[in-house]
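Survey of secondary and tertiary structure
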Amino acid sequence: MYSMREACEQCHLSYETLKYYCNVGLVPNVSRDEHNYRVFDDDDITWINSLTCLKKCGMSLKEIKAYIALCLEGESTIPERQAMLSNKRDALLLKQEEIQASIDFIDYKQQLYDDILNKKIPYHSSLIKKQ
């Protein structure tokens, strides 16, 4: 069993963040010790790490709560959960393409600037109007 602080360390979360997640129901079924402090087992740690991943995937708290509700219903909801994750994956792939296009643009501009600084090509700016 892990204390709140130990769980935070295991999951790389701040104390305040994990407390918030627990308070809003994003970490269901958390046990409490004889002093009424939250304690976490390995399954809780696994879920909290999954929760962190879902957040990084761009899931809103509302979407995560819906996902948790489906998980708690059991195996019969796997197709719905798969659909939720598939939709999120599609959105991430689109975002990945947008990020790659931005990286490609920066690479192009860096090479252009290198070529200008190395006198391989003349400098021209579309922002500076010729008089």
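Among the nonpolar cores identified, the biggest contains 20 residues, and Leu18, Val27, Phe40, Trp47, Ile48, Leu51 and Ile64 are the most heavily contacted of them. It is helix H3 (residues 42-56) that contributes the most residues to this core, five residues altogether. With residues near it in sequence (within four places) discarded, Val27 still touches Leu18, Tyr21, Cys22, Phe40, Trp47, Ile48 and Leu51.

Time to look at helix H4 (residues 61-73). Given 3.6 residues per turn, any residue in an α-helix points the same way as the ones three and four places further on. Compared with the 18 Å implied by 1.5 Å per residue over 13 residues, the 18 Å span of H4 between its first and last C-alpha is a close match. For H4, the set of buried residues is Ile64, Tyr67, Ile68 and Leu70. Buried residues in H4, looked at end-on, bunch into an arc of 160°, giving them a common side. In this structure, H4 carries Lys62, Leu72 and Glu73 as exposed residues pointing more than 90 degrees from its buried face. As for H4, its buried residues are in contact with H3 and helix H5 (78-117).

The residue Ser125 is located in the segment after H5 in this model. Under the relative-accessibility criterion, Ser125 is labelled buried at 15%. In this structure the side chain of Ser125 is engaged in a polar contact, spanning 3.0 Å, whose partner is the backbone nitrogen of Leu127.

Criteria and thresholds
- All residue numbers here refer to positions counted from 1 along the written sequence of the relevant chain.
- Since the coordinates come from a predicted model, pLDDT governs what is reported: local features require at least 70, and pairs of side-chain atoms require 80 or more to be given and counted, while whole-chain, interface and lining totals use all residues.
- Only hydrogens and water are removed before side-chain values are computed, so all heavy atoms of the structure are retained for them.
- The criterion is simple. A nonpolar core is a set of buried Ala, Val, Leu, Ile, Met, Phe, Trp, Tyr and Cys residues joined through side-chain atoms within 4.5 Å.
- Partly exposed describes any residue whose relative accessible area lies between the buried limit of under 20% and the exposed limit of over 50%, with all areas from a 1.4 Å probe on protein chains only and scaled to the type maximum.
- Strands here mean DSSP runs of E at least two residues long; helices mean DSSP runs of H or I at least four residues long; both are numbered from the N terminus.
- For this analysis, residues touch if any pair of their heavy atoms sits within 4.5 Å.
- How far a helix is expected to stretch is found by multiplying one less than its residue total by 1.5 Å.
- In this description, one arc is meant: the one made by directions from the helix axis to the C-beta atoms.
- Whenever a nitrogen or oxygen atom comes within 3.5 Å of another N or O atom, the pair is scored as a polar contact, on the condition that within protein one atom can donate a hydrogen and the other can accept it, and that pairs from neighbouring residues in sequence are kept only if both atoms are in side chains.

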